[in-house]
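# Examining the three-dimensional arrangement
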Amino acid sequence: MNVERKLQINLAVMVALGSGLLGVAQSNVALPAAGVVSALVALIFTDIRQSFRLNRLLANTVALAAVVVVLLDFLTATDRSQLLAIANLLICLQIVLLFQEKTPRIYGHLAVLSLLQVVVSAALRVGVEFGALLLVYMVVAVSFLALLFNFRTVKRVMPPRTPPGESESPATAIEPSVSTKPLAILFGQPPRAQFIYREEEFSQQLTGWRLPRQIAGICFATVLFSVILFLSLPRSREDSGTLFEQSRTVGMPTEIALDEMHNIIASDASVMRVRFSDAQTGERFEVFGDLYLRGIILDYYAQNERGKYVWSSSPDEAATRLASPPPGVPGVNQHTVLQPQQSSTLFAVYPAYQSQFAPDRLNFDRNTKRLVRVVGDTLGPPQTLRYTVFTTGFQNNLQRTVTPHEFQTMYPAGLDGNPDNLTPRGRRRLEQMEEEFREEIEHLAYITRRRFPNITALAEKIAAETREIDPQADRASIARALQNHFLFSTEYTYTLDFSQVSRTPGMDPIEDFVAHNRSGHCEYFASALVLALRTQGIPARMVVGYRGGEYNSLGNFYQIRQNNAHAWVEAYLEPDQVSESQLPAEKSTRGAWMRLDPTPVGGEVVDWSKSEGVMAWANDAYGFARLMWMDYVVNMNSQRQQDAIYDPIASGNEMAESLFSLGSGESESDEAASQGAKRIAMVWRIAGGLIVLLIAVIAVYRISRSIKFKWRRRKKKVEKQAAAARRGPPVPFYERFAELLARHDLKRRPSQTQAEFASSVGRRMTVTPALSEVAVVPRRVVEAFYDVRFGAATLSPEQLSQIEQDLDQLDAALVSAQQSPSSNPPSTPHPRDNGRTSTTAS
Amino acid sequence: MIERRRIRICSEGWYYLLVLTFMVGGAVFRQANLLIVLTGLMVAPLLLNWRLTVSTVRRLSLRRRLPSRICAGEPLVVEIELTNHRRTLGGWAMVAQDQIMLEGPLGEEFQTTVDVVFPSAPAGASVRAGYRAELSRRGRYRFGPLTVSSRFPFGLVEAAVQVNRLDEILVCPRIGKLIGHWQDLLESHRDGSRRSQRRRGPLGGDYYGLREFRPGDTVRMIHWRTSAKLGELAVRLLERQRNRDVAVLLDLWHPHEAQPRDFDQVELAVSFAATVVADLCRRGGSRLLIAGGGLESQLRLQPASHLLLNEVLEELAAVQGSNDDRITPVLEQLETALPAGTRRMIVSTRPAPAAAPHPLTSWFDVSDSAELASLFQID
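Residues numbered from 1 in each chain as written. Chains lettered and ligands numbered in written order. Predicted model: local features only at pLDDT ≥ 70, side-chain atom pairs only at ≥ 80, totals over all residues. Heavy atoms only, no water.

### Considerations on the overall build of chain A
A count of helical and extended segments in chain A gives 25 helices and 24 strands. Counting all 842 residues of chain A, 48% fall into the buried class. At a minimum sequence separation of 6, the contacts of chain A that also span at least 24 residues come to 76%. Summed over its atoms, the accessible surface of chain A is roughly 41,900 Å², and 57% of this surface lies on carbon and sulfur atoms. (Helix = DSSP H or I, 4+ residues; strand = E, 2+ residues; numbered from the N terminus. Buried < 20%, exposed > 50% of the residue type's maximum accessible area, 1.4 Å probe, protein only. Contact = heavy atoms within 4.5 Å. Areas by Shrake-Rupley, 256 points an atom, 1.4 Å probe, with all protein chains shown as cover.)

### A closer look at the overall build of chain B
In terms of helices and strands, chain B carries 8 helices and 20 strands. Here chain B holds 379 residues, and the buried ones make up 54% of them. Of the contacts formed within chain B by residues at least 6 apart in sequence, a portion of 69% connects residues at least 24 apart. Accessible surface, chain B as shown: approximately 17,300 Å² in total, 52% of it carbon and sulfur.

### Some words on the nonpolar core
Residues Leu-82, Tyr-131, Phe-143 and Ile-169 of chain B are the most contacted members of the largest nonpolar core, which totals 135 residues. At 17 residues, the largest contribution of residues to this core is made by helix α6 (residues 128-157) of chain A. Within the second largest apolar cluster, 50 residues are counted, among which are Ile-462, Ala-481, Tyr-492 and Val-569 of chain A. (Core = buried A, V, L, I, M, F, W, Y, C linked by side-chain atoms within 4.5 Å.)

### So, the confidence of the model for chain B
Residue and element names in this part refer to chain B. Here chain B averages 83 in pLDDT, and 91% of its residues register 70 or above. Every residue in residues 191-201 is under pLDDT 50, and counting partners more than four places away or in other chains gives 14 contacts. The ipTM, which scores confidence in the relative placement of chains, is 0.76 for this predicted complex, and the corresponding pTM is 0.63. (pLDDT = per-residue confidence, 0-100.)

### Brief notes about a positive patch on the surface
The grouping of Arg-702, Lys-710, Arg-713, Arg-714 and Lys-717 of chain A together with Arg-59 and Arg-87 of chain B at the surface amounts to a positive patch. Along the polypeptide, Arg-714 of chain A turns up in helix α21 (residues 671-727). (Patch = residues over 30% accessible without salt bridge, like charges linked within 9 Å, V, L, I, M, F, W, Y side chains within 5 Å. Salt bridge = Lys/Arg side-chain N within 4 Å of Asp/Glu carboxyl O. Lys, Arg positive; Asp, Glu negative; His and termini not counted. Charge placed at Lys NZ, Arg CZ, Asp CG, Glu CD.)

### Thoughts on the sheet that holds strand β11 (residues 362-365) of chain A
Residues and elements named next belong to chain A. Read from one edge to the other, the open sheet built from 4 strands follows the order β7-β11-β12-β9, with strand pairing classed as antiparallel. Edge positions in the sheet fall to β7 (320-321) and β9 (345-346), since each of these pairs with one other strand and no more. Across 4 bridges, β11 lies against strand β12 (residues 370-373) in antiparallel orientation. Its bridge partner being in β12, Phe-364 is matched across the sheet by Leu-371. (Pairing = 2+ DSSP bridges.)

### Details of the packing of helix α22 (residues 732-743) of chain A against helix α23 (residues 754-766) of chain A
Residues and elements named next belong to chain A. Interhelical geometry of α22 versus α23 gives an angle of 45° and a closest axis separation of 13 Å. Overall, the two elements α22 and α23 adopt an arrangement that is oblique. Remark: the crossing between α22 and α23 carries left-handed chirality. Touching Tyr-734, Phe-737 and Leu-741 of α22 are Gln-754, Phe-757, Val-761 and Met-765, all from α23. (Axes fitted to C-alpha atoms, helices over the stretch in contact; angles between N-to-C directions. Parallel < 35°, antiparallel > 145°, perpendicular 65-115°, else oblique. Left-handed = near helix turned anticlockwise from the far one by under 90°.)

### A closer look at the side chain of Gln-334 of chain A
Residues and elements named next belong to chain A. Note on placement: Gln-334 falls in strand β8 (residues 332-338). Within the local environment of Gln-334, its side chain forms a polar contact with the side chain of Thr-336, the two groups lying 2.9 Å apart. With residues up to four places along the chain from it excluded, the contact list for Gln-334 reads Val-274, Arg-275, Phe-276, Leu-293, Phe-347, Ala-348, Val-349, Tyr-387, Thr-388 and Val-389. (Polar contact = N/O pair within 3.5 Å; in protein donor to acceptor, adjacent residues only side chain to side chain.)

### A look at the packing of helix α9 (residues 210-232) of chain A against helix α2 (residues 33-56) of chain B
Helices that pack against each other are described as a pair by the angle of their axes relative to one another and the distance between those axes. Following both chains from N to C, one finds α9 of chain A and α2 of chain B inclined at 135°, their axes separated by 8 Å at the closest point. The pairing of α9 of chain A with α2 of chain B is recorded here as oblique in orientation. The two elements α9 of chain A and α2 of chain B meet at a crossing, and its hand is right-handed. Judged by residue contacts, Ile-218, Ala-221, Thr-222, Phe-225, Ser-226, Leu-229 and Phe-230 of chain A of α9 of chain A engage Asn-33, Ile-36, Val-37, Thr-39, Gly-40, Leu-41, Val-43, Ala-44, Pro-45, Leu-47 and Leu-48 of chain B from α2 of chain B. Grouping the amino acids of the contact of α9 of chain A with α2 of chain B by side-chain chemistry returns 13 nonpolar, 5 polar and no charged. (Nonpolar A, V, L, I, M, F, W, Y, C, P; charged D, E, K, R; others polar.)

### Regarding the interface of chain B and chain A
Listed per partner, the contact involves 94 residues of chain B and 83 residues of chain A. Between chain B and chain A, a total of about 8,000 Å² is buried, with carbon and sulfur atoms accounting for 63% of that surface. Glu-212 of chain B is the salt-bridge partner of Arg-764 of chain A, the closest N and O atoms lying 4.0 Å from each other. The interface formed by chain B and chain A includes 15 residue pairs in polar contact (both at pLDDT 80 or more). At 15 residues, α2 of chain B tops the list of elements feeding residues into the side of chain B that touches chain A. In terms of residue class, the side of chain B that touches chain A is built from 51 nonpolar, 18 polar and 25 charged. Note that strand β1 (residues 192-195) of chain A and strand β7 (residues 126-134) of chain B share 4 bridges and pair antiparallel. Looking at β7 of chain B, one finds that Phe-195 of chain A is bridged to Tyr-131 of chain B. (Buried area = accessible area lost by both parts, 1.4 Å probe.)

### Observations regarding the packing of aromatic side chains
All names here are of chain A. In the structure shown here, the tally under the stated rule is 30 aromatic pairs over all chains. With a centroid separation of 5.2 Å and an interplanar angle of 75°, the aromatic rings of Phe-276 and Phe-394 are classed as edge-to-face. Here Phe-276 is found in strand β3 (residues 270-278), whereas its partner Phe-394 is found in strand β14 (residues 394-395), with 118 residues between them in sequence. Of the two residues, Phe-276 and Phe-394, neither departs from the other in class, the shared state being buried. Geometrically, the ring pair formed by Tyr-734 and Phe-785 is stacked, given 4.1 Å between the ring centres and 25° between the ring planes. Of this pair, Tyr-734 sits in helix α22 while Phe-785 sits in helix α24 (residues 777-789), placing them 51 residues apart in sequence. Taking relative accessible area as the criterion, Phe-785 reaches 4% and is therefore assigned buried. Ring pairs connect the aromatic residues Phe-276, Phe-285, Phe-394, Tyr-551 and Tyr-558, which therefore count as one cluster. Directly above the aromatic system of Tyr-492 lies the positively charged group of Arg-518, at a separation of 5.9 Å from the ring centroid. (Phe/Tyr/Trp six-rings, centres within 6.5 Å; stacked < 30°, edge-to-face > 60°. Lys NZ or Arg CZ within 6 Å of the ring centre and 35° of its normal.)

### What to know about empty space enclosed by the protein
All names here are of chain A. Inspection of every chain in the model, using the stated rule, returns 8 cavities of 30 Å³ or more. Quantified by volume, the largest cavity comes out at close to 110 Å³. As for the largest cavity, its lining consists of Tyr-292, Arg-294, Tyr-350, Gly-393, Gln-399, Arg-400, Thr-401, Thr-403, Trp-568, Glu-570, Trp-593 and Arg-595. Split into classes, the residues belonging to the lining of the largest cavity amount to 4 nonpolar, 4 polar and 4 charged. (1 Å grid on protein atoms, 1.4 Å probe; cavity = no way out; pocket = protein on both sides within 12 Å on 5 of 7 lines; lining within 4 Å. Points joined across faces, edges and corners; volume = space filled by probe spheres on them.)

### Focus on the sheet that holds strand β20 (residues 550-552) of chain A
Residues and elements named next belong to chain A. Spatial strand order, β10-β13-β8-β3-β21-β20: 6 strands in an open sheet with antiparallel pairing. At either margin of the open sheet sits one strand with a lone partner, and together these are β10 (352-354) and β20. The average angle at which neighbouring strand axes cross in this sheet is 35°, direction not considered. For β3 and strand β21 (residues 557-561), the ladder comprises 4 bridges, and the chain directions are antiparallel.

### Some points on the environment of Phe-52 of chain A
All names here are of chain A. Of note, Phe-52 is situated in the loop between α2 (30-48) and α3 (56-76). Sequence-wise, Phe-52 and Phe-99 are 47 residues apart; in three dimensions their C-alpha atoms are separated by 7.4 Å. For Phe-52, the contacting residues outside a window of four places in its chain are Phe-45, Thr-46 and Phe-99.

### Some points on the confidence of the model for chain A
Residue and element names in this part refer to chain A. Per-chain confidence: chain A averages 79 in pLDDT, with 81% of residues scoring 70 or above. The low-confidence segment residues 168-175, where pLDDT is below 50, has 7 contacts with residues more than four positions distant or belonging to other chains. A low-confidence stretch, residues 658-673 stays under pLDDT 50, and its non-local contacts, those more than four residues away or across chains, total 23 contacts.

### Some points on α2 of chain A
Residue and element names in this part refer to chain A. Here α2 is 19 residues long and its end C-alpha atoms lie 26 Å apart, about the 27 Å a rise of 1.5 Å per residue gives. For α2, every residue scored as buried is listed here: Pro-32, Gly-35, Ser-38, Ala-39, Ala-42, Leu-43, Thr-46 and Asp-47. At the C-terminal side of α2, Gln-50 shows a positive phi close to 55°. (Expected span 1.5 Å × (residues − 1).)

### A word on the pairing of strand β4 (residues 292-298) of chain A
Residues and elements named next belong to chain A. Counting buried positions over the 7 residues of β4 gives 7, a clear majority of the element. The sheet contact formed by β4 and strand β19 (residues 540-547) spans 6 bridges and is antiparallel. Paired with Leu-293 across the strands is Tyr-546, a residue of β19.

### Structural notes on the pattern of salt bridges
For the coordinates displayed, the defined rule picks out 40 salt bridges over all chains. Put simply, Arg-152 of chain A and Glu-12 of chain B hold a salt bridge, and the shortest N to O gap is 2.6 Å. You can see Arg-152 of chain A sitting in helix α6 and its partner Glu-12 of chain B sitting in helix α1 (residues 11-30), one on each of two chains. Here Arg-475 of chain A and Glu-574 of chain A are joined by a salt bridge, their closest N and O atoms 3.8 Å apart. With Arg-475 of chain A in helix α15 (residues 475-488) and Glu-574 of chain A in the loop between β22 (565-573) and β23 (592-596), the pair connects residues that are 99 residues apart, well separated along the chain. What you see here is one network of salt bridges that share partners, running through Arg-63, Arg-65, Glu-79, Glu-81 and Arg-128 of chain B.

Written out as structure tokens, the structure reads:
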């Protein structure tokens, strides 16, 4: 496969990836899909088979039309739509170019268009999938650049192709002529030169196996550089650092109309990540069993003006600062990263208190009994929110089913302390709240029983049965019996598919659910239980929040998705009905809420924390990658950069300490600092390990190369010395003899022995009149040389003198022969003598 | 030796920078994190390209091998050897650009460059590559300077180093073929020669000397007495009998305002003259005199030999046409300098005058295509 074919395949992959990225980024995938298909079709029919090529004029016309159409879209659109218009234009232009005959210029244009597509995608999409695809794209783009360079190199040295039917020189020779070529071509042609190469071999050398290795190395260096640049480039903004804020928000409304929630519930959009840590040690806190994150409280059920049966909450009231936890009470910190929400509701395990170590600006709405953001946070577009709350809602790593009433958690000092210490104004306020509390409890127990005859009958029946079994059955026992009825009865089925469920017209949907059509989702089950409890005089309310979630063992967090949304019930227990074991942390001076969940499991919640195997691990890895991507790439801002990068570098010693103390089990007093340090330490440890490994590999490589080089040099030196030793000491007269002949261009060839050389020179001298007298000198000298070198003989002074005389004669004869015009000295033309060499060094 | 290093951004690099600039702008002003990531992913290849190209052209040496002399139109192969003296870093896709230029006033017109690619040059190793050149115009050509450049691996940045050591090659006139009618011309002249034929040896020549026996020599050429004395076979060298004296005279006239065709005629005349001399030297046995056309050779006959041919070709490589009448004075000088019976061959770019200057003169007008085509062919 030649370079161009590889380039074409690579281009098709790159274009398809670029279009794919754009398709992932925008909701309308038709045009990106067309881009992908065009890349493949053009590869086959335009590049390989060459059966279809777009005429340049036609191509330009189509491109111009596309520009006009998209420009109109662009002018009428705003922000994100403008960007989408640009994206579509890029794809249109790319398709037009794909079907043209490829030249280096076209290849370059296609690459630029593809790159711009990625830029647009980056502005539209920020998910970790984009990051993964971006890495793949980078590898493909790097290989494309390398192949394009090789292709240009080949084109640079290849002779231009002569179109078929055209000969190299025009046949305009005038007859008769001395040549088939015109004289202008014979004599007036400028110099022409052409690199000598074999195309296949040349292409192979350029794009052989070394190319993938080089690309891998370049990609590694590119990623390393990008990571360093990204982390070190100073940020000044404190927002998320995305071009376009995510328009998709998650969450739940504060008013729920039955039959209208199933579509939202079925979504798998991420809502939040929740991590728990021990408030005292800062270590990971593991949660067993289901996790319930309370959101909003719905306590009003009525039919609205449009005839819909709606659950709603109390009206909002000015929120007050979240209370601090009771002193000395052990608890758990809940760290939450909440996706952009339209509502101000925050989710937490209750009872929730202000975190001691990382106080967040959280408020508690006294009326709606929900945790809310501070007012300032609601301004502007929704953003990802991070908050930490302290909770005492766990006991033996299980979430407690009983939580104290909010009145108690809001004013622990006023209730548990001495009210006499309060100011008159505080006392009046407390009295007012006591009254509100009594009204609330009364309200939550109120129901018009004749509106719900079926529910009332069912509740009466179950309560009677419970009391039959246990005459001492208290409010909690009856509530649990009612919950179990819905939970375990085979008459009820859980479903999200309401296409097969029909409600009785004109009938309350909850009544219908209990009496006739016993299919529904969690809101139906919860609604039925709340009403049933109220018929028995038990104050109850519906709670909407999230249950379950995917536990990620790598990142130690729960991934909560929209399909984890859930509704359950809280029933009020009087203080005397709450045992101390149920509320060890707080005294139940104002009663407590008992959580009841009447919804059958029914596939609503998948608890990944119980899963094992490759899929679970892959899911964990994916979740963790997404966490890292969102935290350290997409949402990297000035604060995070300061915390995660600059501060650890500034306090190098502390960082090193945290690196090496990680995993040693040492407790840290500062819980938040501990958690942050651990995460940072993990990132730095991985990065540091990689850098150390890289340096080590480079060092080993360079040292080995250096040793190898020195070893070779040493070996050559030893070989030279050995060769010199084999030759023995130089023989002076022979050295002179060789030098003398060399001056007259008579040199011994490497393939000749000294004797052969002497014989050859002697023969040549014999046939040269001026040298015939000294023709025997070479043979004499070489014979003497052989005696000395190989015969270990020692020549007498007379013999040496004779040889020197012979050499003098030889020298004189050669000089005279050279000066004589008629007789040149014999020469032994060396194959290289007709070629000159020049050496240039840089 | 003068070196000049140069680093520049290639056209692809400018495109790349353009896109990168937009991206950097977005990354800096909007602080969009993904644009910063993309910026890093784009900057890194650019920096890598720059560092690799700069490193690649360091510590290299080049050798150029080429013959000292060729004839125009003959294939010329030039070999370039590149040695990478670095200890660790290899070099890939390096391009050596050589320049070929005709020395003299026509240099601007007769020049070219050629790229020679070295796909790889491992550290501490030498690699060779070559190019084939065609030099149609005679003269002295200068090779160099050599420029080694690298754009590896992406072609965004180019680093080059120029080595200014030059080489030369002499391009002799193009040698053609003398065909049919030429042989008749020579024979007719030989028949009319008044010089007595010297006795020839049994093998068609006079004894000239001895040399060692080589495969292909006939046994009849062995000189047995010398062979016995030397202890190995020696053969006789015979020189063919000199049978004619020829004076080749060049008349490279062209009009004052010469057109390209006139210069081509001059070239054709030089080429024809060179071919005639080469033929006569190859035949041997005659004495030659080459004159006219601005040649500075002595006006005396010399034995036709390869040595003479080489000298003449070197001189013919440099002769130029003129709008002066340079042939008449030469002819007048030769009237007294040449022995009787010497044949005069005048190669001219213009027709012969009405009255021939000498009975033994042959006038070859190269502008007469029909006449020349019956004598001479050139590829």
